[in-house]
Structures are given as structure tokens and as C-alpha cells.
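The chain contents come next:
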Amino acid sequence: YTDTDTAAAKQAFAPVILDRISELAGLDETTRSAITALAYKGHTAVGPAEMDLLPKLGLIANYGVGYDAIDIPAATERGIRVTNTPDVLNDDVADLAVGMLLMQMREMEQASNWARSGNWKTRGEYRLAHRMTGGRAGIVGLGRIGREIADRLAAFKMDIHYYARSEKQTPGWTFHADPVSLAHAVDFLVIAIVGGPDTEKFVSKDVIDALGPRGVVVNISRGTTVDEAALLDALEQGRIAGAGLDVFLGEPDIDPCFYELSNVVIQPHHGSGTVETRAAMGQLQRDNIAAFHAGQPLLTAVN
Ligand code: 8YV
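Residues numbered from 1 in each chain as written. Predicted model: local features only at pLDDT ≥ 70, side-chain atom pairs only at ≥ 80, totals over all residues.

Caption draft 1: Representation of the pairing of strand β4 (residues 136–140) in the model. The buried fraction of β4 amounts to four of the five residues, a majority that puts the element mostly inside the structure. Here β4 runs beside strand β5 (residues 159–163); their pairing, made up of five bridges, is parallel. By the bridge assignment for β5, Ile139 is matched with Tyr162. Read as a crossover between parallel neighbours, the route from β4 over helix α8 (residues 144–155) to β5 is right-handed. Here β4 pairs with strand β7 (residues 188–191) via four bridges, running parallel. (Buried ≥ 20, exposed ≤ 12 C-beta atoms within 10 Å, placed from the backbone. Helix = DSSP H or I, 4+ residues; strand = E, 2+ residues; numbered from the N terminus. Pairing = 2+ DSSP bridges. Right-handed = clockwise from strand over helix to strand, strands pointing away.)

Given below as C-alpha cells:
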């Protein structure tokens, strides 16, 4: 959290501030029994064990749209409500997705290093990169963030294809009921589906192979949504051209093989990481907690 978030939380509530969820177990029983709401930021699991440490817990207010770390059925079973922070982060996450694709296609990181290292002066112009505008884009998951990404890519004169559970009212965009068919049809595959057990390795080896040697994968959802071993193999063997990744399995302790690959743009899971968006996420999280304590309807309820 930012210092502003912590100060605002202290003003509105009487928070017990912990660095990690595992520290709950170290709290004395009186403190644990006084906790009614958990403002959660992070991606480590919050399951039955954590919930049962807090007998009066009535709300888990997640700082983030994706709540795959929280065991929703376990919360519901215990009468614990869960909220998230949708919408306020759509633009920033979509911006980062497009930015990573542009960085990858135009080799902006390598070109920047070329100039910074003095190569431009001593060895001449940087090599030619590839065009992004006018390519064919495939969005995996046309939810709120996916749609923002598609709108941006449409402005880059791209043909928009998408996979979703059902066809959407998006004239001119092509629906695919199957991700392999989507990958066959496009150059760029942008993953914007929710994480969690239902979408594990949804972007499978077959999907990656269908993209082909000029294809680029962009992931701003969760590391779990891709078969990461298959993605690494494809990148290492040049079976796809590159990737732009904001999310990884086991992050921040990511597979070091990624560091060796010059055809991958790596970002440290900061799609929503702007001062403006994080302030809005913090505010929405606190508003949900305040509504819960006031017995009012939750603003953005998950269960
Ligand atoms: C994180 C995110 O929540 O909204 C999401 O689902 O992944 C991010 O916004 C944020 O990085 C805090 O951990």
C-alpha cells in the first residue's frame, strides 16, 4: 500500500497492519477476535486456515480486480463477504498490454540499450524491427479489461478477434469459440482472462503452436493462465516471435530462463501500478469496508 492508503485507513478504521498474511497466526487471540474486515493486498492464498484465525471476520476486501488468491467458496461457507476493485484499473492495465506489444514489436528495450551503450555512435543504426500497426489481434477474454485492450488495438488499425465464453455485441470483431482457432487467425495473442483453477493453462501448448513463428503472446492476467513451460520452449526455439509478460508463475521468484530471452519484455506485475489507479483502488477498498461496517450494500461484491 502507499503511505496515503495507510494514513487513510488509520483515519477511517483502527487497522492492525501486517506485512504478510502469514503474520495473522502470530497475533494474540484478543486481536484476532476483534478483526471484522480484512483489507487484502497480495497474491498468496487466503483460504480456510486464514479465515478460521479470525472468528468475527465478515468481509475480505481485495485490493485488485482478480481475487483468485481468495478461496471464495470457503468465504461464502463461513458467511464472509468478498469485494474487489474492478473497473478503476481497466485503462492502466490495457495501456500496459499495448505498451508491451509495442515494445516487443519495435524492440524498444534493445534499441534503447543500443543507444545508451554508445553502440549508436560507434556501430551505427539499430537493426530494423517489425510493425505493430495493422496486425491481427486476438484477445483471450473479452471482459472489461479485454475490451479496453481491443479498443486500443482497433485504433492501431488491427483486425480484432476474440475468445469469450459467448459471442459479444461487437460488430466487426470476430468471435472464436475455441482458443486454438483464435490463435490460428492472429499475429498477437493478448491474454485477459481471469485467473484461478478454471483457467489454468488455458493458453496451452496447442494454442501457442497455433500462433506460429511470427506470433507474439502478451499476458496481463495471471501466470497460471498460460502453460508457462510450453511458452518458454516456444520462445527459446523461436516457434513464436516473442512475448510481453506482466505476470508469471511463482512471481516475483520467476523462472530465470525468462531473463535469458531477448525476445521477451518482462514487467513486474504492475499493470495497475500508477499513482492514480492505486489511489482509486485503495479508495474503493476502503469504501467497501465502510459500507460493510455501516450495514449498507457493498459497492463491488464478489459473492
Ligand atoms: C494487483 C492485480 O492486485 O487487480 C489485479 O487483479 O493483479 C493487481 O492490480 C496489485 O498488483 C496488488 O497486488
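Alright, that's what it looks like, and here's the rest.
Caption draft 2: Representation of the nonpolar core in the model. Core analysis: the biggest nonpolar cluster contains 77 residues, and Ile60, Ala97, Ile139, Val140, Ile149, Val190 and Val218 have the highest contact counts within it. Sorting elements by how many residues they give to this core places helix α5 (residues 90–106) first, with nine residues. Two domains share this core, each providing at least three of its residues, namely domain 1 (3–88 + 274–293) and domain 2 (90–266). In contact with Ile60, not counting residues within four places along its chain, are Leu38, Tyr40, Val46, Ile70, Ala75, Ile80 and Val82. (Core = buried A, V, L, I, M, F, W, Y, C linked by C-beta atoms within 7 Å. Domains from an automatic or database assignment. Contact = placed C-beta atoms within 7 Å.)

Caption draft 3: Highlighting the environment of Glu228. Residue placement: Glu228 occurs in helix α11 (residues 228–236). The sequence separation of Glu228 and Ser166 amounts to 62 residues, and the corresponding C-alpha distance is 26 Å. Setting aside its immediate chain neighbours within four residues, Glu228 contacts Gly223, Leu249 and Asp255.

Caption draft 4: Looking closely at the environment of Thr199. With respect to the helices and strands, the residue Thr199 is situated in the loop between β7 and α10 (205–211). Through-space distance from the C-alpha of Thr199 to that of Lys168 is 20 Å; in sequence the pair is 31 residues apart. Once residues lying within four places of it in the same chain are set aside, the contact partners of Thr199 are Ile193, Val194 and Thr225.

Caption draft 5: Region of the structure containing helix α12 (residues 275–293). The end-to-end C-alpha distance of α12 is 27 Å, a good match for the 27 Å that 19 residues give at a rise of 1.5 Å each. Those residues of α12 lying buried are Arg278, Met281, Gly282, Leu284, Gln285, Arg286, Asn288, Ile289 and Phe292. Where α12 is buried, its residues touch α1 (3–12), β1 (37–40), β2 (59–62) and β3 (81–83). Gly295 sits one or two residues past α12 and shows a positive phi near 70 degrees. (Expected span 1.5 Å × (residues − 1).)

Caption draft 6: Looking closely at the site of the ligand. In the neighbourhood of the ligand, the contacting residues comprise Lys41, Gly42, Tyr63, Gly64, Val65, Gly66, Leu89, His269 and Ser272. In the shell around the ligand, the residues fall into three nonpolar, five polar and one charged. (Near = placed C-beta within 6 Å. Nonpolar A, V, L, I, M, F, W, Y, C, P; charged D, E, K, R; others polar.)

Caption draft 7: Quick look at the sheet that holds β7. With parallel pairing, the seven strands of this open sheet are ordered in space as β6-β5-β4-β7-β8-β9-β10. Of all the strands in the sheet, the pair left with one neighbour each is β6 (174–176) and β10 (264–266). In this sheet, adjacent strand axes meet at a mean angle of 15 degrees when their direction is disregarded. Of the strands in this sheet, β7, β8 (216–219), β9 (242–245) and β10 are in contact with α5, which crosses β8 at around 150 degrees. (Axes fitted to C-alpha atoms, helices over the stretch in contact; angles between N-to-C directions.)

Caption draft 8: Looking closely at the UniProt feature "domain: D-isomer specific 2-hydroxyacid dehydrogenase catalytic" (unreviewed entry) in the protein chain. According to UniProt, the "domain: D-isomer specific 2-hydroxyacid dehydrogenase catalytic" (unreviewed entry) feature falls on residues 35–303. End-to-end, the C-alpha atoms of residues 35–303 are 20 Å apart, and along that stretch the chain is 36% helix and 14% strand. (UniProt positions renumbered as here; feature names shortened; annotations may be inferred.)

Caption draft 9: Highlighting the pairing of β5. For β5, the buried fraction is high: four of the five residues fall into the buried class. Note: β5 against β6, three bridges, orientation parallel. Note on β6: the bridge partner recorded for Tyr163 is His176.

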